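Structural overview
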Amino acid sequence: MAGFKVVSVACLKDGDIDLADLRAKADEHARDLAALMVTYPSTHGVFEPTIREICNIVHAHGGQVYMDGANLNAQVGLCRPGDYGADVCHLNLHKTFCIPHGGGGPGVGPIGVAKHLVPFLPSGANIEYRKSTIDHGVGPVAAAPWGSASILTITWMYIRMMGPAGLKRASEVAILNANYIAKRLDPYFPVLFKGKHGLVAHECIVDLRQWRSAGIEVEDVAKRLMDYGFHAPTVSWPVGGTMMIEPTESEPKHELDRFCDAMISIHAEMQAIADGKQDRQSNLLKNAPHTARQIASDKWDRPYSREEAAFPAAWTRDHKFWPAVGRIDNVYGDRNLFCSCPPVEEFEKG
């Protein structure tokens with residue numbers, strides 16, 4: 001990657017970085033060690049208590065520390081990446097600073113560096129004052145030196161309206177929301193990683209792998225959530241067979257409860273399959289999501305009722321979200337791409 005060799009560092013069972021493995025690999029590659037990329041809080045959803053020690057190990061071997069800023073919604077107003085020892089940290093605008101997360105990401109956001117790296121920052125060709133402050137700049141890396149005006153304006157307004165106290169409160173609520181979900185769901189879907197005090201950071205990973213013995217995969221739960229009116233959270237990443245739930249600060253308690261109630265209700269449906277009360281091949285989860293066309297069809301040969309399929313919770317009767325497409329073969333779609341562009345002849349007809 002960029003001319004470098006990537007060496008992965010092991011994790012402990014609790015999700016933290018294995019310091020012994022980090023030291024061993026830092027020693028082994030001491031002559032070539034350039035940088036460590038670390039996410040904090042970790043992608044496992046916990047604050048790693050050894051983050052400063054991790055940075056010190058890398059620095060002791062002449063390397064730099066690049067900190068992934070994906071999880072700043074657990075830090076803003078509470079702590080600073082520079083205090084851990086990081087040399088570089090990008091500040092994702094999505095989630096933390098009001099930009100939507102998805103569709104490949106907005107691809108914009110400031111990158112903070114320690115003072116000794118300032119001379120190496122890219123410069124803007126038409127920004128005069130930068131020419132005097134950056135000696136070794138590589139030149140511009142984007143056509144728009146200030147980034148995307150349409151995106152940055154939204155973030156700027158968000159920060160201005162929230163203010164220091166509001167941004168700190170947002171971080172606190174994001175952490176609180178994630179821990180609320182973790183506590184409610186843990187008896188049904190065990191939370192995979194927790195800190196030393198049994199808490200998580202801004203997200204939690206719930207484990208569904210134990211349901212494979214009943215023929216149920218995490219994808220089945222994700223699809224069934226659509227019948228309850230939810231787009232599923234991230235599945236099978238960073239751990240296969242799990243679901244990563246990140247509510248952020250924007251979710252009110254009643255919405256958190258609605259999601260938890262849906263997951264608990266799906267747990268009962270899963271238990272019915274495991275107990276043999278529902279068919280393992282044709283059941284509420286395997287056939288989810290259920291479209292309006294399927295429910296309204298004259299033919300219904302499922303071993304459960306239309307009501308169970310389409311209205312599994314009370315709120316679905318008041319405001320029902322109808323999935324437009326039923327279950328598809330995701331793997332087939334990923335491996336067999338096709339172009340949806342119309343032929344050139346179609347444009348000539350216009």
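Refer to the preceding data block for the structure.
What counts and what doesn't
- All residue numbers refer to position in the chain's written sequence, counted from 1.
- In keeping with the predicted nature of the model, local features appear solely for residues at pLDDT of at least 70, side-chain atom pairs appear and are counted solely at 80 or more, and the whole-chain, interface and lining totals rest on all residues.
- By convention in this description, side-chain values take in all heavy atoms of the structure and omit both hydrogens and water.
- Any two strands with at least two DSSP-identified bridges between them are counted as paired.
- Helix and strand labels come from DSSP, where a helix needs a run of H or I of at least four residues and a strand needs a run of E of at least two; each type is numbered from the N terminus.
- Contacts are assigned to residue pairs with any non-hydrogen atoms lying within 4.5 Å of each other.
- What counts as an axis is a line fitted to C-alpha atoms, over the stretch in contact for a helix, and the angles between N-to-C directions run from 0 to 180 degrees.
- Stacked, edge-to-face and tilted are the three classes for Phe, Tyr and Trp ring pairs, Trp counted by its six-membered ring, which pair at centre distances within 6.5 Å; planes under 30 degrees apart are stacked, over 60 edge-to-face, the rest tilted.
- Only protein chains enter the accessibility calculation, which uses a 1.4 Å probe. A residue is then buried if its area is under 20% of the maximum for its type, exposed if over 50%, and partly exposed in between.
- Polar contact is defined as a pair of N or O atoms within 3.5 Å, subject to the rule that within protein one atom must be able to donate a hydrogen and the other to accept it, and that residues adjacent in sequence are counted only when both atoms are side-chain atoms.
- Throughout, the term roughly parallel applies to angles under 35 degrees, roughly antiparallel to angles over 145, roughly perpendicular to angles from 65 to 115, and oblique to all others.
- Only Asp, Glu, Lys and Arg are considered charged in this grouping, and only Ala, Val, Leu, Ile, Met, Phe, Trp, Tyr, Cys and Pro are considered nonpolar; every other residue, Gly among them, is considered polar.

1. Observations regarding the sheet that holds strand β7 (residues 242-245)
What the 3 strands build is an open sheet, ordered β5-β7-β6; its pairing is antiparallel. The two strands at the open ends of the sheet, each matched to only one other strand, are β5 (204-207) and β6 (234-235). Two elements, β5 and β7, share 4 bridges in a ladder whose sense is antiparallel. When the sheet's bridge partners are listed, Val 206 is paired in β7 with Met 243. Contacts from helix α5 (residues 149-185) reach β5 and β7, with the element oriented near 15 degrees to β5. In the packing of helix α6 (residues 218-227) onto the sheet, the strands contacted are β6 and β7, and the crossing angle to β7 comes to about 45 degrees.

2. Points about the packing of aromatic side chains
Considering all chains together, one arrives at 6 aromatic pairs under this definition. Measuring from ring centre to ring centre gives 6.4 Å for Tyr 228 and Trp 315, while their planes differ by 50 degrees; the resulting arrangement is tilted. Taken together, the positions of Tyr 228 in the loop between α6 and β6 and Trp 315 in helix α10 (residues 315-318) put the pair 87 residues apart, joining distant regions of the chain. Given a relative accessible area of 0%, Tyr 228 falls into the buried group. For the pair Phe 311 and Trp 322, a centre-to-centre distance of 6.0 Å together with 85 degrees between the ring planes defines the contact as edge-to-face.

3. With respect to the side chain of His 290
Looking at the secondary structure, you find His 290 in the loop between α7 (253-274) and α8 (292-296). Residue classification places His 290 among the buried residues on the basis of a relative accessible area of 0%. For His 290, the side chain forms a polar contact with the side chain of Asp 227, separated by 2.8 Å. Once you skip the residues sitting within four places of it in the chain, His 290 turns out to touch Arg 224, Asp 227, Leu 284, Ile 295, Trp 300, Arg 302, Tyr 304, Ala 309, Trp 322 and Pro 323.

4. A few points about the packing of helix α1 (residues 19-28) against helix α2 (residues 51-60)
Two elements in contact, α1 and α2, have axes whose closest approach is 10 Å; the angle formed by their N-to-C orientations is 10 degrees. In this view, α1 runs roughly parallel relative to α2, as classed from their interaxial angle. Of α2, the residues touching α1 (which contributes Leu 19, Leu 22, Arg 23 and Ala 26) are Glu 53, Ile 54 and Ile 57. Class assignment of the residues belonging to the contact of α1 with α2 gives a composition of 5 nonpolar, no polar and 2 charged.

By themselves, these are just geometric observations and shouldn't be taken as functional.
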